[in-house]
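Now for the letters of each chain:
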Number of protein chains: 2
Amino acid sequence: MPEHNILFKGIDDYDCYRMFTCFNMEVKKFRAGSCISDYSKQGDKIGIILKGSAGVVRYDVNGVRTIIETLGEQGIFGEYFTYPSSARNYVEVVAEKDCEILFVRRSELLKRCEKACTCHSRVVENMLELMTEKAVSLSERVEVLSQRTIESKLISFLQITEEKTAEGKTPQIPFSTTVLSDYLCVNRSALQREIAKLKKSGVLTISKRKFKLKLNHENEFDI
Amino acid sequence: MPEHNILFKGIDDYDCYRMFTCFNMEVKKFRAGSCISDYSKQGDKIGIILKGSAGVVRYDVNGVRTIIETLGEQGIFGEYFTYPSSARNYVEVVAEKDCEILFVRRSELLKRCEKACTCHSRVVENMLELMTEKAVSLSERVEVLSQRTIESKLISFLQITEEKTAEGKTPQIPFSTTVLSDYLCVNRSALQREIAKLKKSGVLTISKRKFKLKLNHENEFDI
DNA sequence: AAAAATCTGTTGCAATTGCAACAAGGAGGA
DNA sequence: TCCTCCTTGTTGCAATTGCAACAGATTTTT
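Keep in mind it's a predicted model, so treat the numbers as computed, not measured.

About the cut-offs
Residues numbered from 1 in each chain as written. Chains lettered and ligands numbered in written order. Predicted model: local features only at pLDDT ≥ 70, side-chain atom pairs only at ≥ 80, totals over all residues. Heavy atoms only, no water. Pairing = 2+ DSSP bridges. Helix = DSSP H or I, 4+ residues; strand = E, 2+ residues; numbered from the N terminus. Axes fitted to C-alpha atoms, helices over the stretch in contact; angles between N-to-C directions. Phe/Tyr/Trp six-rings, centres within 6.5 Å; stacked < 30°, edge-to-face > 60°. Buried < 20%, exposed > 50% of the residue type's maximum accessible area, 1.4 Å probe, protein only. Lys NZ or Arg CZ within 6 Å of the ring centre and 35° of its normal. Polar contact = N/O pair within 3.5 Å; in protein donor to acceptor, adjacent residues only side chain to side chain. Contact = heavy atoms within 4.5 Å. Salt bridge = Lys/Arg side-chain N within 4 Å of Asp/Glu carboxyl O. Nonpolar A, V, L, I, M, F, W, Y, C, P; charged D, E, K, R; others polar.

A. Inspection of the sheet that holds strand β7 (residues 89-95) of chain B at higher detail. Residues and elements named next belong to chain B. Across the sheet, 4 strands lie side by side as β2-β7-β4-β5; this open sheet has antiparallel pairing. Where the open sheet ends on each side, the last strands, each with one partner, are β2 (35-37) and β5 (65-71). The sheet shows a mean angle of 35 degrees between the axes of neighbouring strands, taken without regard to direction. Note: strand β4 (residues 54-60) against β7, 7 bridges, orientation antiparallel. The partner of Gly 55 across the bridge, within β7, is Val 94.

B. Region of the structure containing the sheet that holds strand β1 (residues 26-30) of chain B. Residue and element names in this part refer to chain B. The 4 strands lie next to each other as β1-β8-β3-β6, forming an open sheet whose pairing is antiparallel. This sheet does not close on itself; its edge strands, each paired only once, are β1 and β6 (76-77). Across 2 bridges, strand β3 (residues 45-51) lies against β6 in antiparallel orientation. In the strand pairing of β6, Ile 48 is matched with Ile 76.

C. The packing of aromatic side chains, seen in detail. Applying the stated rule across the entire model yields 11 aromatic pairs over all chains. Seen from their ring centres, Tyr 80 of chain A and Phe 81 of chain A are 5.7 Å apart, and the 90 degrees between their planes marks the pair as edge-to-face. For Tyr 80 of chain A, a relative accessible area of 28% puts it in the partly exposed group. The buried category is assigned to Phe 81 of chain A, whose relative accessible area is 3%. Ring centres of Phe 175 of chain B and Tyr 183 of chain B lie 5.0 Å apart, and the angle between their planes is 45 degrees; on these two criteria the pair is classed as tilted. Accessibility expressed as a relative area gives 11% for Tyr 183 of chain B, which makes it buried. A cation over a ring is seen here: Lys 134 of chain A above Phe 81 of chain A, with NZ or CZ 5.3 Å from the ring centre.

D. Spatial organisation of the environment of Asn 24 of chain B. Residue and element names in this part refer to chain B. Note that Asn 24 resides in the loop between α1 (13-22) and β1. Its relative accessible area of 53% is what places Asn 24 among the exposed residues. With 108 residues separating them in the primary sequence, Asn 24 and Thr 132 have C-alpha atoms 24 Å apart. In this structure the side chain of Asn 24 is engaged in a polar contact, spanning 3.0 Å, whose partner is the side chain of Glu 108.

E. A look at the interface of chain B and chain A. Each partner contributes residues to the interface: chain B has 55 residues there, and chain A has 55 residues. One can count 2 salt bridges joining chain B with chain A. Linking Arg 58 of chain A and Glu 143 of chain B is a salt bridge whose minimum nitrogen-to-oxygen distance equals 3.2 Å. Run the count over chain B and chain A and you get 8 residue pairs in polar contact (both at pLDDT 80 or more). For the side of chain B that touches chain A, the elements supplying multiple residues, two or more each, are β4, β5, β7, α2 (106-110), α3 (118-145) and α4 (150-164) of chain B. Ranked by the residues each element gives to the side of chain B that touches chain A, the list is headed by α3 of chain B, at 17 residues. Each residue belonging to the side of chain B that touches chain A can be placed in one class, and the counts come to 26 nonpolar, 14 polar and 15 charged.

All we've got here are geometric facts, nothing functional implied.
Next up, the structure:
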């Protein structure tokens, strides 16, 4: 039932069905690896990931790939946010796993409802929650990318990953090293070199994708 | 009248006054250069810039400054978004100009109003707009920082600045070069060197802070 | 108006990062 | 099983970036 989704959290079946139609929403499925949106002529259309995961990927003129964002369930995307493809680079959203995506126009969501239904304001509330999540995850992205060296980009990323790991579980890098380098926006072999250094100095332990950080707490701020 | 603010857009005087109290909001003033929040123990408190502008700034262990975000009027900030100060770095929000800031807790904004006032849902709607703006500006930030070289970080920043410039006006860099380097997260003199190169090759013209870009459109994607 | 502070612009040298090439280790399909 | 494709890991060399120092310009303060 595509009417049931995170945007309609807290709303009963009948209203869900009604609004789904009223807002001109649609749900589409995509196979892993396929392109969900190429960010051209989408206007204010917003995509919300109901199931699966996806990545916002950019290829520049030289073919260099950059993973701008990774989107899990509840992730949202659209031309409205992401800087669009331009003459200098090509941006697309690619399904990582099989995906189910809800599409809706921003203008539809915000239109003043003639019937002033309470459920409409609940939708706006839910949208606020999704948008807040997006802002938080973009902030993390900025935190990582604003680091000046590969080493600190990596450490910053690993720390954030650690914090997201459930209590008692071993933190795990969600990518292959190759993909990680595209995510940190650095050269793969240079990243590999930094990983080797951190391992050698005992700061980092990795087996497969599971890792452990032991930071040296000298030379730090008192807070 | 602090009751009138962007969060209360579309709401009449009486309700503004009532909600301002009901939500435990407060408005504070800050002098240019002063520290608005040091991101410690703020919990879910959110700041909204009513007047003035501010920057979210990080200093690392070596004293290197990074401008994580710049916030104009309607900009929002809080520990909830920005990665907080840690043992390795210190984050604060600094007023660029004299500021008037509205503080409110996220939990207060989202609490189910017993009186189910229509104006409350309008506040949520306004908040969604502010949050969307934040997501958009963070996306731009990622766009710039994800570039691999100083040259492309600079060009990407200048292009975005151009696009924001009102029709007919000359685009203008909003910072000094020194501050710009902290915003692009690169070394100042290396940035200066790249600017010199672009000037020499005729791609970039700058006088004071006004600039003009003439990009060479070879080797580009057809879109 | 003089002094102080800040910003711009440049440069040589050092450190970091990117690039290319290659060997070795899975994973999955024919 | 063998073969292919993809990822990991390493390295020498080249290019980019950071650092430090300094001179001149500009702005702010006294």
